[in-house]
Amino acid sequence: MKRLINILLTTACAAVLFSCTHEYAFKTTSYVIVEQTNIAVKEDAGLVRIPVSAFNSASLTGSVYFKVIDGTAVQGTDFTVEPANGVLTFNGNGTEYIQISVIEHPGVLTGALSFSVELTSVSGD
């Protein structure tokens, strides 16, 4: 009787192990990095480039969306931003730049001005 039970259990275990059809699907790992979170520049700095790097394990294309939040510095008056549409497009892995052009105000004492850039969302293939 014990031998019959052992044979049945062994057969059942083998059937369960060999009937498993579950396949593991590895998903793409993706992330975005902004290396500098605070940047201080003088009014005569001209162009400031904020690097944004995107990485994914499958080198897919994608976009990172951002918005500029005025503070004491106002977009269009104190600075301009490129790309103006707020979208950085990546063709695989790499680094793109949010470019800030500082507008000078010669002879006007403005004091320290500030604004923020916020990454709002991402999309990709």
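The structure we're discussing is the one just above.
The structure reproduced in this document is the subject of the present report. Within each chain, residue numbers correspond to sequence positions counted from 1 in written order. At least 70 in pLDDT is required for a residue's local features to be given in this predicted model, at least 80 for side-chain atom pairs to be given and counted, and no such filter applies to totals for whole chains, interfaces and linings, which use all residues. For the side-chain quantities, the full set of heavy atoms in the structure was used; hydrogens and water were omitted.

**So, the sheet that holds strand β7 (residues 115-124)**
- As summarised here, the arrangement of the 3 strands in space is β5-β3-β7, forming an open sheet in which the pairing is antiparallel. The open sheet has two edge strands, β5 (87-91) and β7, and neither has a second partner. Ignoring which end each strand starts from, the neighbouring axes of this sheet average 20° apart.
- Strands are labelled as partners when DSSP assigns at least two bridges between them. The secondary structure listing takes helices from DSSP runs of H or I that are at least 4 residues long and strands from runs of E that are at least 2 residues long, numbered from the N terminus. With 5 bridges connecting them, strand β3 (residues 61-70) and β5 associate as antiparallel partners. When the sheet's bridge partners are listed, T61 is paired in β5 with N91. For helices, the axis comes from a line fit to the C-alpha atoms of the stretch in contact; other axes are also lines fit to C-alpha atoms, and the angle between any two N-to-C directions lies between 0 and 180 degrees.

**A look at the layout of surface pockets**
- The space that makes up the largest pocket amounts to roughly 670 Å³.
- The wall of the largest pocket is formed by 29 residues, among which I39, V41, L113, S114 and F115 lie closest to the centre.
- If you tally residues by element for the lining of the largest pocket, the top one is β7, at 4 residues.
- Partitioning the lining of the largest pocket into residue classes produces 18 nonpolar, 8 polar and 3 charged.
- For the second largest pocket, the calculated volume is near 230 Å³.
- For cavity detection a 1 Å grid was placed over the protein atoms alone, and a set of points counts as a cavity when a 1.4 Å probe fits there but cannot get out; an open set counts as a pocket when protein lies on both sides within 12 Å along at least five of seven lines, with lining residues being those that have an atom within 4 Å of a point. Lining the second largest pocket are 17 residues, with S30, N56, G62, S123 and G124 sitting closest to its centre.
- Of all the elements in the fold, those that place two or more residues in the lining of the second largest pocket are β1 (30-34), β2 (47-56), β3 and β7.
- Sorting elements by how many residues they give to the lining of the second largest pocket places β3 first, with 4 residues. Grid points are joined across faces, edges and corners, and a volume is the space filled by probe spheres set on the points. In this classification, the charged set is Asp, Glu, Lys and Arg, the nonpolar set is Ala, Val, Leu, Ile, Met, Phe, Trp, Tyr, Cys and Pro, and all remaining amino acids, among them Gly, are polar.

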